[in-house]
Amino acid sequence: MTSIDNFSRGDGTVRDLPQLEALLRSIDGRGYKSYKDIAGKWSFPDFVLSIDHVQGDPFAAPSRLHVELTAAVAGLPSSSYRSPSRTRGTAACLAARFAAAARRASVPSGSGRSGEIRMAGPGQQVIVQTAVLIAADGAIEARFTLGLPAEGRRVAGQAAGRLLLRAVPDLVHRTLSADAHDPDEVERWAATNEDADAMRAALPGEALVAFVADGASLPRRTGIDDRPLEGPEVVEFQSPASLRVALDTPNAGVVSGMGVPEGVTLIVGGGFHGKSTLLRGLQSGVYNHRPGDGREQVVTVPDAVKIRAEDGRSVVRVDISAFIDNLPLARDTQDFSTPNASGSTSQAASIVEAFEAGVSALFVDEDTAATNFMIRDRRMQELVPKAGEPITPFVDRVRELFDSHGISSILVLGGSGDYLDVADTVIAMNSYEVTEVTQEAHEVAARNPTGRRVESTAPLVLPTPRCPDPHSVDPRRGRRDVSIRVPDPSTLLFGEHEVDLSALEQLVDRGQVTAIGQAMVLAQDSLMGTGKPLAEVLDAIEKTVAEEGLDALDWRHPGDLVGFRRYELGAVINRLRSLRVL
Ligand code: ADP
Ligand code: MG
């Protein structure tokens, strides 16, 4: 862990620029450690630069800095931070702008990361973050990293001067201060974000789990590039008349589009007709999106969780008996653990864990589901009698989930008609165009009985609470009390453990993983304990972040934390291979 004395935050003295210039001259050519002297606050003509942490050597993680601008210097229109939702949009706008400009302003030189300026800007989603913060009065704090320049392992004082005395102020002026703002652009981010929040908030009152506005653009550029697909081949979303609803927004007026009702919804259609793309649009709708993304007006209830099969994951003491019982070798599925789950057991465990965290809608795509978990048709029922098949397929639980527990499902299933009997709404995709075929689906189902026997033997009961053992969530590594690293957005290195997050499709930002790692430290340190169920730990973290902000997770106040949901926090804890449940 970074030692406290390298951190200057809290030390109130502010030195002036000539002192910084003189200091940089005096340490020029000395050992890299001399940079420690520049930690602290520096007064620039219209902002304060704070050098919060000085890296130990040119190859270490870059130094952490932030600037503070008063409301007068920032000059944001007051409408841009009138409400929390507007403020989030505006802050993301500034972070996007600063992050892009920082890449251009970087002056790579010398060894290691010398001269690199970086800010953790937003991706396509607009989520609360710590790169740029806007205070209630319109003052701005912007956090970034900078590779203090070195020649070999010596201080490159002149290069540092160019960066700190010219590049940084220039960057601040071009992206954060009054003349930098394009009021239309700022308003677009603020309004887009406010409208999305309003639409999401309206869903429960309309008994909807999701909404896709007419004109939305769902396809992405590639499987690994979340930016919108562009070009004449893109088919904009058009709602079928029978599912059309209109939602009121504070800025864009009345927005019309498709409402997906609560209950059991199927998305059917031929291969390559856009089913998975629609579902991915919906699962991303738990977040807001940046202007121009195409999904700005695609919103989903905040408690919707995408579930997929994830063979190989670890499962710790989860009661999956509602879906799977009588496993070979008499394994107890009411208290099921494995370091190496199968497709079906992993999917069952992920669903039960989502119940535990409070899910209100499950999203499943045939492309990433375990077939034997989803369906078991009549012929297979006859060939392999229930006594030899431990799985109660999802088709026999999905109605009950909604009718008895209020949990909706949206399922992409092009390949099995067995679900037609249990669906409330059936949406068909044909060449990216959507129609509602519920009526036909029910007629088809009536004409062609499946002949299946329902295989659930007892009512589904929601799981009993599990209490994680804090000692099993251990962030220590070597001599460090806390070691959290995120080498790529789908891997968390927590203490000595590597957690594979690639199946958590609703983790969309690396900063979420970092924040979740920190939240696990906080949870382990002060929230988990004998008799404290995981759901209550999630409540407590959620409350802390809501009340105190993401900064409550890390006293160093880094600029790379991004908001996360309780579902992803729970999912990461549940995937920790060291986890023990008391
Ligand atoms: P399915 O799940 O039905 O097999 P996908 O959702 O995977 O289909 O979509 C197939 C392809 O069509 C993908 O390459 C996707 O990017 C593209 N696509 C999806 N929706 C649209 C759309 N509205 N306009 C243009 N292309 C689309
Ligand atoms: Mg598909």
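What you see is a predicted model, and the numbers here were worked out from it, not measured in a lab. Sequence positions are assigned chain by chain, starting from 1 and proceeding in written order. Labels follow written order: the first chain is A, the first ligand is 1, and so on. pLDDT decides what is reported in this predicted model: residues at 70 or higher carry local features, side-chain atom pairs at 80 or more are listed and counted, and totals for whole chains, interfaces and linings draw on all residues regardless. The side-chain values count all of the structure's non-hydrogen atoms but skip hydrogen atoms and water molecules.

### Considering the overall build of the protein
As a reminder, the rule being used: The helix count covers DSSP runs of H or I at least four residues long, the strand count covers runs of E at least two residues long, and both are numbered beginning at the N terminus. It is over C-alpha atoms that the radius of gyration is taken, and the globule rule equals 2.2 Å times the number of residues to the power 0.38. Buried residues are those whose accessible area, probed at 1.4 Å on protein chains only, stays under 20% of the maximum for their type, while exposed residues exceed 50% and partly exposed ones sit between those limits. Only heavy atoms enter the contact rule, under which two residues are in contact if any of them lie within 4.5 Å. The method behind every accessible area is Shrake-Rupley, applied with a 1.4 Å probe, and residues are considered shielded solely by the protein chains displayed. His residues and chain termini do not enter the charge count, which takes Lys and Arg as positive and Asp and Glu as negative. In plain terms, the charge of a residue is placed at NZ if it is Lys, CZ if Arg, CG if Asp and CD if Glu.
A tally of helices and strands in the protein yields 14 helices and 28 strands. For a compact globule of 582 residues, the expected C-alpha radius of gyration is about 25 Å, and the protein comes in at 26 Å, within 12% of that figure. Referenced to the eigenvectors of the C-alpha coordinate spread, the extents of the protein come out at roughly 85 × 55 × 35 Å. Looking at the protein residue by residue over its 582 residues, the buried ones come to 56%. For the protein, the share of sequence-separated contacts (at least 6 apart) that also reach a separation of at least 24 residues comes to 72%. Counting every atom, the protein has about 24300 Å² of accessible surface; 50% of that belongs to carbon and sulfur. Taken together, the 61 basic and 79 acidic charged side chains of the protein have centroids lying 6 Å from each other.

### Structural notes on a positive patch on the surface
For clarity, the threshold we go by: The patches described consist of residues with a relative accessible area above 30% and no salt bridge, like charges being joined within 9 Å and nonpolar side chains (Val, Leu, Ile, Met, Phe, Trp, Tyr) within 5 Å. The rule for a salt bridge is simple: a side-chain nitrogen of Lys or Arg has to be within 4 Å of a carboxyl oxygen of Asp or Glu.
A cluster of basic residues, Arg 477, Arg 479, Arg 480 and Arg 485, forms a positive patch at the surface. On the secondary structure map, Arg 485 appears in strand S26 (residues 484-488).

### Considering the coordination of the magnesium ion (ligand 2)
The following threshold applies: Counted as coordinating are nitrogen, oxygen and sulfur atoms within 2.8 Å of the metal, or 3.2 Å for Na, K and Ca, while water is not included, which may make sites look incomplete.
Taken together, Ser 276 (OG) and Asp 367 (OD) make up the protein donors of the magnesium ion (ligand 2), found 2.0 to 2.2 Å from the metal. Residue Ser 276 is found in helix H6 (residues 275-284), and its partner Asp 367 is found in the loop between strand S22 (361-365) and helix H8 (371-374); the two are separated by 91 residues along the sequence.

### Examining the site of ligand 1
Quick reminder of the rule: A molecule or strand has a residue near it when one of that residue's heavy atoms lies within 4 Å. Side-chain atoms alone can form a polar contact between residues adjacent in sequence; in general such a contact is a pair of N or O atoms within 3.5 Å, and within protein one must be able to donate a hydrogen while the other accepts it. Under the scheme applied, nonpolar residues are Ala, Val, Leu, Ile, Met, Phe, Trp, Tyr, Cys and Pro; charged residues are Asp, Glu, Lys and Arg; polar residues are all the others, including Gly.
Residues in close proximity to ligand 1 total 13 residues, the closest being Phe 272, Lys 275, Ser 276, Thr 277 and Tyr 432. Measuring from an oxygen atom of ligand 1, one finds a side-chain N or O atom of Lys 275 at 2.8 Å. Tyr 432 places a polar side-chain atom, nitrogen or oxygen, 2.8 Å from an oxygen atom of ligand 1. Contact with the protein chains hides 81% of the accessible area of ligand 1, taken as 570 Å² for the molecule alone. Of the residues assigned to the shell around ligand 1, the class counts are 5 nonpolar, 6 polar and 2 charged.

### Regarding helix H4 (residues 157-175)
Spelled out, the test is: A helix is expected to span 1.5 Å for every residue after the first. Working definition for bend: take the seven residues up to and ending at a residue and the seven starting at it, fit an axis to each, and measure the angle between the axes.
For H4, with 19 residues, the first-to-last C-alpha span of 26 Å sits near the 27 Å given by 1.5 Å per residue. Its axis deflected by about 30° at Ala 167, H4 carries its strongest bend there, up to four residues before the proline Pro 169.

### Here we look at the pairing of strand S24 (residues 425-430)
Quick note on the threshold: If DSSP finds at least two bridges between two strands, the strands pair.
Judged by how many residues are buried, S24 sits mostly within the fold: 5 of 6 residues are covered. Pairing of strand S16 (residues 264-269) with S24 involves 5 bridges; the strand directions are parallel. The residue of S24 that forms the bridge with Ile 267 is Ile 427. Alignment of S24 against strand S25 (residues 433-436), held across 4 bridges, turns out to be antiparallel. The residue bridging Met 429 from the neighbouring strand is Val 434, located in S25. Between S24 and S25, which pair antiparallel in sequence order, lie 2 residues; one of them, Ser 431, sits at a positive phi of approximately 50°.

### Here we look at the sheet that holds strand S28 (residues 497-500)
The line we're drawing: Between the N-to-C directions of two axes lies an angle of 0 to 180 degrees, each axis being a line fitted to C-alpha atoms and, for a helix, fitted only over the stretch in contact.
Strands sit in the order S26-S27-S28 across an open sheet of 3 strands; the sheet is antiparallel. Single-partner strands in this sheet number two, and they are S26 and S28. When the angles between neighbouring strand axes are averaged without regard to direction, this sheet yields 25°. Pairing of S26 with strand S27 (residues 491-494), which is carried by 3 bridges, proceeds in the antiparallel orientation. Paired with Asp 488 across the bridge in S27 is Thr 491. Together, S26 and S27 form the strand contacts of helix H12 (residues 510-527), whose direction differs from that of S26 by roughly 160°.

### So, the sheet that holds strand S18 (residues 298-300)
Sheets are built from strands that pair by backbone hydrogen bonding, the pairs being arranged parallel or antiparallel. If you walk across this open sheet you meet the 4 strands as S14-S15-S11-S18, and the pairing is antiparallel. The open sheet has two free edges, formed respectively by strand S14 (244-249) and S18, since each of these has just one partner strand. If you compare each strand with its neighbour and ignore which way they point, the axes differ by 35° on average.

### Thoughts on the packing of aromatic side chains
To keep it simple, the criterion reads: Working definition: rings of Phe, Tyr and Trp (its six-membered ring) pair if their centres are within 6.5 Å, and the pair is stacked with planes under 30 degrees apart, edge-to-face with planes over 60 apart, and tilted otherwise.
The final tally for this structure, using the stated rule, is 6 aromatic pairs. An angle of 10° between the planes, with centres 4.7 Å apart, marks the rings of Phe 44 and Phe 47 as stacked. Classification of Phe 44 by relative accessible area gives buried; the value is 5%. Of the residues examined, Phe 47 reaches a relative accessible area of 4% and is grouped as buried.

### Overview of the nonpolar core
The condition that has to hold: As used here, the term nonpolar core means buried Ala, Val, Leu, Ile, Met, Phe, Trp, Tyr and Cys residues forming a set that is joined through side-chain atoms within 4.5 Å.
Residues Phe 323, Leu 362, Phe 394, Tyr 419, Leu 492 and Met 520 are the most contacted members of the largest nonpolar core, which totals 84 residues. Looking at this core element by element, the count peaks at 8 residues for H12.

### Description of the confidence of the model for the protein
Low pLDDT marks regions whose predicted coordinates should not be analysed in detail. Keep this limit in mind: The score called pLDDT rates the predictor's confidence residue by residue, from a low of 0 to a high of 100.
Across the protein, the average pLDDT comes to 94, with 98% of residues at or above 70. Across residues 1-9 the pLDDT falls below 50, and counting only partners more than four positions away or on other chains, this stretch makes 25 contacts in the model.

### Focus: the pattern of salt bridges
In total, this model carries 34 salt bridges according to the counting rule given. With its nearest N and O atoms 3.2 Å apart, the salt bridge here joins Asp 170 to Arg 174. Here the residue Asp 170 and the residue Arg 174 both occupy positions in helix H4, the gap between them amounting to 4 residues, near one helical turn. A salt bridge links Glu 310 to Arg 575; the shortest N-O distance between them is 2.8 Å. Of this pair, Glu 310 sits in the loop between strand S19 (304-307) and strand S20 (315-318) while Arg 575 is found in helix H14 (residues 566-575), placing the two residues 265 residues apart along the sequence. Grouping residues by exposure puts Glu 310 and Arg 575 together as buried. Taken together, the shared-partner salt bridges connect Arg 220, Asp 226, Asp 293 and Arg 295 into one network.

### Let's talk about unusual backbone geometry
One non-glycine residue, Phe 272, adopts positive backbone phi at about 70°. If you trace the backbone, Phe 272 turns up in the loop between S16 and H6. Phi is positive for Ser 431, close to 50°, though the residue is something other than glycine. Here Ser 431 lies in the loop between S24 and S25. When its relative accessible area of 41% is taken as the criterion, Ser 431 is described as partly exposed.

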